[in-house]
Amino acid sequence: MATSTVELDALARPRVGKGAARQVRREGRVPAVIYGDNKPPEAIALDYNEIWKQYLKGHFTSTVFKLKIDGEERLVIPRDMQLDPVRDTPVHIDFLRIGKDGLIRVLIPVRFINEAQSPGLKRGGVLNIVRHDVEVWCPYDKIPAAFIIDLAGVPIGRSIHVSSINMPEGVVPTITDRDFTVATVVGRGKQQAEEDTEATTTAEAAAPAAAAAAEKKS
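The structure displayed is predicted, hence computed values, not measured ones.

Engineer: Describe the sheet that holds strand β13 (residues 181–186), with residues and values.
Structural biologist: Two orientations exist for strands paired in a sheet by backbone hydrogen bonds: parallel and antiparallel. Pairing within the open sheet is antiparallel, and its 3 strands lie in the order β8-β13-β11. A single partner strand is all that each edge strand has here, and the edge strands are β8 (126–129) and β11 (159–161). When strand polarity is set aside, the average angle formed by the axes of neighbouring strands in this sheet is 15°. One ladder, built from 3 bridges, connects β11 with β13; its direction is antiparallel. Within β13, the position partnered with Ser 159 by the bridge is Thr 184.

Engineer: Just give me the short version of helix α2 (residues 48–57), but keep the residues and values in it.
Structural biologist: The residue sitting at the N-terminus of α2 and contributing the capping side-chain oxygen is Asp 47; that oxygen lies 3.2 Å from the backbone nitrogen of Asn 49. A positive phi of about 90° marks Gly 58, the residue just after α2.

Engineer: Tell me about the layout of surface pockets, and name the residues and values.
Structural biologist: One number sums up the size of the second largest pocket: a volume of about 200 Å³. Arg 25, Gly 28, Arg 29, Val 30, Tyr 48, Leu 83, Asp 84, Pro 85, Arg 87, Thr 89, Pro 90 and Val 91 are the residues that line the second largest pocket. Residue composition of the lining of the second largest pocket, grouped by class: 6 nonpolar, 2 polar and 4 charged.

Engineer: Describe in detail a nonpolar patch on the surface, supporting the description with residues and values.
Structural biologist: On the surface, a nonpolar cluster with roughly 240 Å² of combined accessible area is contributed by Leu 103, Trp 137 and Val 172. As for its position among the elements, Trp 137 is in strand β9 (residues 133–139). Trp 137 sits in the partly exposed class, given a relative accessible area of 34%.

Engineer: Give a detailed account of the sheet that holds strand β5 (residues 72–83), specifying residues and quantitative values.
Structural biologist: One closed barrel accounts for 6 strands, arranged β1-β3-β2-β6-β5-β4; its pairing is mixed. Across the sheet, the axes of successive neighbouring strands diverge by a mean angle of 45°, strand direction being ignored. One ladder, built from 3 bridges, connects strand β1 (residues 6–12) with strand β3 (residues 39–47); its direction is antiparallel. What sits directly across from Ala 12, in β3, is Ile 44. Strand contacts of helix α1 (residues 18–26): β2 (29–36), β3 and β6 (90–97), with the helix running at about 130° to β2, the strand carrying the most contacts. Helix-sheet contacts for α2 involve β1, β2, β3, β4 (65–69), β5 and β6, and the interaxial angle to β3 is about 95°.

Engineer: Tell me about the packing of aromatic side chains, and please be specific about residues and values.
Structural biologist: Scanning the model with the defined rule gives 5 aromatic pairs in all. For the ring pair Tyr 48 and Trp 52, a centre distance of 6.3 Å and an interplane angle of 10° mean the geometry is stacked. Here Tyr 48 pairs with Trp 52, and both are found in helix α2, just 4 residues apart, close to one helical turn. Residue Tyr 48 is classed as partly exposed on the basis of its relative accessible area, which comes to 23%. Take Trp 52: its relative accessible area is 25%, and that puts it in the partly exposed class. Three or more aromatic residues joined by ring pairs make a cluster, and in this case those are Tyr 48, Trp 52, Tyr 55, Phe 60, Phe 65 and Phe 95.

Analysis parameters
Residues numbered from 1 in each chain as written. Predicted model: local features only at pLDDT ≥ 70, side-chain atom pairs only at ≥ 80, totals over all residues. Heavy atoms only, no water. Pairing = 2+ DSSP bridges. Helix = DSSP H or I, 4+ residues; strand = E, 2+ residues; numbered from the N terminus. Axes fitted to C-alpha atoms, helices over the stretch in contact; angles between N-to-C directions. Polar contact = N/O pair within 3.5 Å; in protein donor to acceptor, adjacent residues only side chain to side chain. 1 Å grid on protein atoms, 1.4 Å probe; cavity = no way out; pocket = protein on both sides within 12 Å on 5 of 7 lines; lining within 4 Å. Points joined across faces, edges and corners; volume = space filled by probe spheres on them. Nonpolar A, V, L, I, M, F, W, Y, C, P; charged D, E, K, R; others polar. Patch = residues over 30% accessible without salt bridge, like charges linked within 9 Å, V, L, I, M, F, W, Y side chains within 5 Å. Areas by Shrake-Rupley, 256 points an atom, 1.4 Å probe, with all protein chains shown as cover. Salt bridge = Lys/Arg side-chain N within 4 Å of Asp/Glu carboxyl O. Buried < 20%, exposed > 50% of the residue type's maximum accessible area, 1.4 Å probe, protein only. Contact = heavy atoms within 4.5 Å. Phe/Tyr/Trp six-rings, centres within 6.5 Å; stacked < 30°, edge-to-face > 60°.

Here it is in structure tokens:
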């Protein structure tokens, strides 16, 4: 569980736009914006080295930061980080303010354990992962590192739904109108049939466009 908060110093940016952002980067900082909680956006700049250090630690977008700006503090969580397409380094960050209720919307990765103890997988079945992560509402200081699904005893044909995940107190899925599937254990023949059906559907959907393009060329 993520319970710690990382403190960083930040500077308010008086100017916005591409030119202003380039100037910030030349000064060794990363431009960013704080938004949400029904308040106006705030343009800020953070030290590049500090951001890069946090990024390399992993789980950057599920880390809560306490930003100190001109003597005031903002509790935020990264929602998006733009990376340089060549150097793969941060060039801009979007932060979401954490409101008074302390609840945030975040994607939690799903991890599977005990594959060797699944009768379905032992018999040659395949784990078909429908969702690699699950979006939840949770307190900012209780973000799960991952949801663990135990495959011990799971046979072929079994579907694993979100209701089977043991979520901590205060953590709930954002989708509440159905008990959606997270994964299934299927036979290899069924998986191949599903893949063939999907490929056929894709080809049928593309056929009219291809025919129209051929007619246009003629």
